[in-house]
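# Architecture and fold: a report
Residue strings, one per chain:
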Amino acid sequence: MDTHPAPAPRPLLVVDGANVVGSVPDGWWRDRRGAAERLRDRLVRVAEEGVAEVAGPVEVVLVVEGAARGVEPVPGVRVESAPGSGDDHIVAVAASAAPGQECVVVTADRELRERVAEHGARSVGPRAVRGAE
């Protein structure tokens, strides 16, 4: 019988795509889907290395909504298109974290930060992943 404890699951990093993309006025509004794809591609490095607040590797979930729906996942970054409210979907993803799995949500949205905290998640601002540019 194996008496070694199971390894802890990788931390879950849930990224509020609309909030992170919208945090820098770089013309993202002209091509919302393209902006979400560029963010997704930057998150590959985050998945491997983590962010200052969370050591890598981490499980990354990018939540997109609106015109960015349908962005495809890439290795290391799961992309979920919110069927309705992006915030509601982010809360559901945070609430689905495995027991003992650290969950961190990347957003500057105060109300969303409060909602995910009710499920044990903590939050960091968009700069945590924007630094990966």
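Residues numbered from 1 in each chain as written. Predicted model: local features only at pLDDT ≥ 70, side-chain atom pairs only at ≥ 80, totals over all residues. Heavy atoms only, no water.

Per an unreviewed UniProt entry, the recorded name for the protein is NYN domain-containing protein, and the organism is Streptomyces fungicidicus.

On a plain count of helices and strands, the protein comes out with five helices and seven strands. Of the regular secondary structure in the protein, the N- to C-terminal order runs β-α-α-β-β-β-β-α-β-α-β-α. Here the C-alpha atoms of the protein give a radius of gyration of 15 Å, agreeing with the 14 Å that 2.2 N^0.38 yields for 133 residues. For the protein, with 133 residues in total, the buried portion stands at 41%. For the protein, restricting intrachain contacts to residue pairs at least 6 apart in sequence, the fraction spanning at least 24 positions comes to 59%. Summed over its atoms, the accessible surface of the protein is roughly 7,200 Å², and 51% of this surface lies on carbon and sulfur atoms. (Helix = DSSP H or I, 4+ residues; strand = E, 2+ residues; numbered from the N terminus. Rg over C-alpha atoms; globule rule 2.2 N^0.38 Å. Buried < 20%, exposed > 50% of the residue type's maximum accessible area, 1.4 Å probe, protein only. Contact = heavy atoms within 4.5 Å. Areas by Shrake-Rupley, 256 points an atom, 1.4 Å probe, with all protein chains shown as cover.)

So, on to helix 3 (residues 86-95). Those residues of helix 3 not exposed but buried are Gly86, His89, Ile90, Val91, Val93 and Ala94. For helix 3, the elements touching its buried residues are strand 1 (12-16), strand 4 (59-64), strand 5 (77-81), strand 6 (103-106) and helix 4 (110-117). Capping the start of helix 3 is the job of one residue whose side-chain oxygen sits 3.2 Å from the backbone nitrogen of Asp87: Ser85. (Polar contact = N/O pair within 3.5 Å; in protein donor to acceptor, adjacent residues only side chain to side chain.)

Let's shift gears to the pairing of strand 6. Residue alternation in strand 6 divides its side chains into two sets, Cys103 and Val105 and Val104 and Val106, and both sets are buried. Sheet topology note: the strand 1/strand 6 ladder contains four bridges and is parallel. For Leu13, the partnering residue across the bridge sits in strand 6 and is Val104. Crossover strand 6 to strand 7 (residues 122-124) through helix 4 is right-handed. (Pairing = 2+ DSSP bridges. Right-handed = clockwise from strand over helix to strand, strands pointing away.)

Attention now moves to the side chain of His89. By secondary structure assignment, the location of His89 is in helix 3. Accessibility expressed as a relative area gives 18% for His89, which makes it buried. The residues touching His89, leaving out its near neighbours within four places in the chain, are Val63, Glu80, Ala82 and Pro83.

With that settled, consider the packing of aromatic side chains. A complete count under the given rule lists one aromatic pair for this structure. With a centroid separation of 5.7 Å and 80 degrees between ring planes, the pair formed by Trp28 and Trp29 is classed as edge-to-face. Owing to a relative accessible area of 19%, Trp28 belongs among the buried residues under this scheme. (Phe/Tyr/Trp six-rings, centres within 6.5 Å; stacked < 30°, edge-to-face > 60°.)

What follows covers the nonpolar core. Of all hydrophobic cores here, the largest spans 25 residues; its most connected members are Leu13, Val15, Leu43, Val60, Leu62 and Val129. Broken down by secondary-structure element, the contributors of at least two residues to this core are strand 1, helix 1 (17-21), helix 2 (32-49), strand 4, strand 5 and strand 6. Not counting residues within four places of it along the chain, the set of residues in contact with Val60 comprises Leu13, Val15, Leu43, Ala47, Gly76, Val77 and Arg78. Ranked by size, the runner-up nonpolar core spans 14 residues in total, among them Val63, Ile90, Val91 and Val116. (Core = buried A, V, L, I, M, F, W, Y, C linked by side-chain atoms within 4.5 Å.)

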